[in-house]
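Each chain is listed here by its residues.
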Amino acid sequence: QVQLVESGGGLVQAGGSLRLSCAGSGSIFSINAMNWYRQAPGKQRELVAAVTHGGSTNYADSVKGRFTISRDNAKNTVYLQMNSLKPEDTAVYYCNAEVQSSQSGSYFSNWGQGTQVTVSS
């Protein structure tokens, strides 16, 4: 089994910063893409940022220039540095990773439990 555990959410004023972390543990042989999604109340879950094993990144237009995704492959951890936060960034943020199981060799898409980010105006 694989677990993804997020941390770092909270309440911040507009213009502030937060750093989210997501650490993978369990039967992990390797991890391909690691992603951050978010879901605001009444809205669909959306991809915020993605990073490949090699470090290539991709961002939603709404966060470009404000958010930075990075990863530490040795620690099976992905980060999301969020600067210049806006009230519209308020959502539950989810970590997602494509993990190759060390038991079966198969790839599975795994999700964290989510962490709340609230930006006050």
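To be clear, the structure that these remarks concern was listed above.
Scope of this entry: the structure provided in the associated data block. All of these numbers come straight from a predicted model, not from anything done at the bench.

Some remarks on the overall build of the chain
Counting its regular elements, the chain contains 0 helices and 11 strands. Secondary structure elements in the chain, listed N-terminal to C-terminal, are β-β-β-β-β-β-β-β-β-β-β. Its C-alpha radius of gyration of 14 Å places the chain within 12% of the 14 Å reference for a compact globule of 121 residues. For the chain, the spread of C-alpha atoms along the three principal axes comes to 50 × 25 × 20 Å. With 121 residues in all, the chain has 42% of them scored as buried. Across the chain, every contact between residues at least 6 apart in sequence was considered, and the portion connecting residues at least 24 apart equals 56%. Per element, the accessible surface of the chain, about 6300 Å² overall, is 47% carbon and sulfur. Side-chain charges in the chain split into 9 positive and 7 negative, and the spacing between the mean points of these groups amounts to 3 Å.

Looking at the sheet that holds strand β8 (residues 77-82)
Ordered in space as β1-β3-β8-β7, the 4 strands form an open sheet in which the pairing is antiparallel. Of all the strands in the sheet, the pair left with one neighbour each is β1 (2-7) and β7 (67-72). Adjacent strand axes in the sheet meet at a mean angle of 15° when their direction is disregarded.

What about the state of the cysteines?
Taken as a whole, this structure holds 1 disulfide when the rule is applied. Paired by a disulfide, C22 and C95 hold their sulfur atoms 2.1 Å apart. Between C22 and C95, the S-S dihedral sits near -75°, and the bridge is therefore left-handed. Note that C22 is positioned in strand β3 (residues 18-26) and C95 in strand β9 (residues 91-101), a separation of 73 residues in sequence. Taken individually, C22 and C95 each receive the classification buried, so the pair is uniform in this respect.

Describing the environment of S25
Its location among the elements puts S25 in strand β3. Among the residues examined, S25 registers a relative accessible area of 34% and is labelled partly exposed. A C-alpha to C-alpha distance of 5.8 Å links S25 and V2, two positions 23 residues apart in sequence. Not counting chain neighbours up to four residues away, the residues in contact with S25 comprise Q1, V2 and Q3.

The rules behind the values
- Residues numbered from 1 in each chain as written.
- Predicted model: local features only at pLDDT ≥ 70, side-chain atom pairs only at ≥ 80, totals over all residues.
- Heavy atoms only, no water.
- Helix = DSSP H or I, 4+ residues; strand = E, 2+ residues; numbered from the N terminus.
- Rg over C-alpha atoms; globule rule 2.2 N^0.38 Å.
- Buried < 20%, exposed > 50% of the residue type's maximum accessible area, 1.4 Å probe, protein only.
- Contact = heavy atoms within 4.5 Å.
- Areas by Shrake-Rupley, 256 points an atom, 1.4 Å probe, with all protein chains shown as cover.
- Lys, Arg positive; Asp, Glu negative; His and termini not counted.
- Charge placed at Lys NZ, Arg CZ, Asp CG, Glu CD.
- Pairing = 2+ DSSP bridges.
- Axes fitted to C-alpha atoms, helices over the stretch in contact; angles between N-to-C directions.
- Disulfide = S-S within 2.5 Å.

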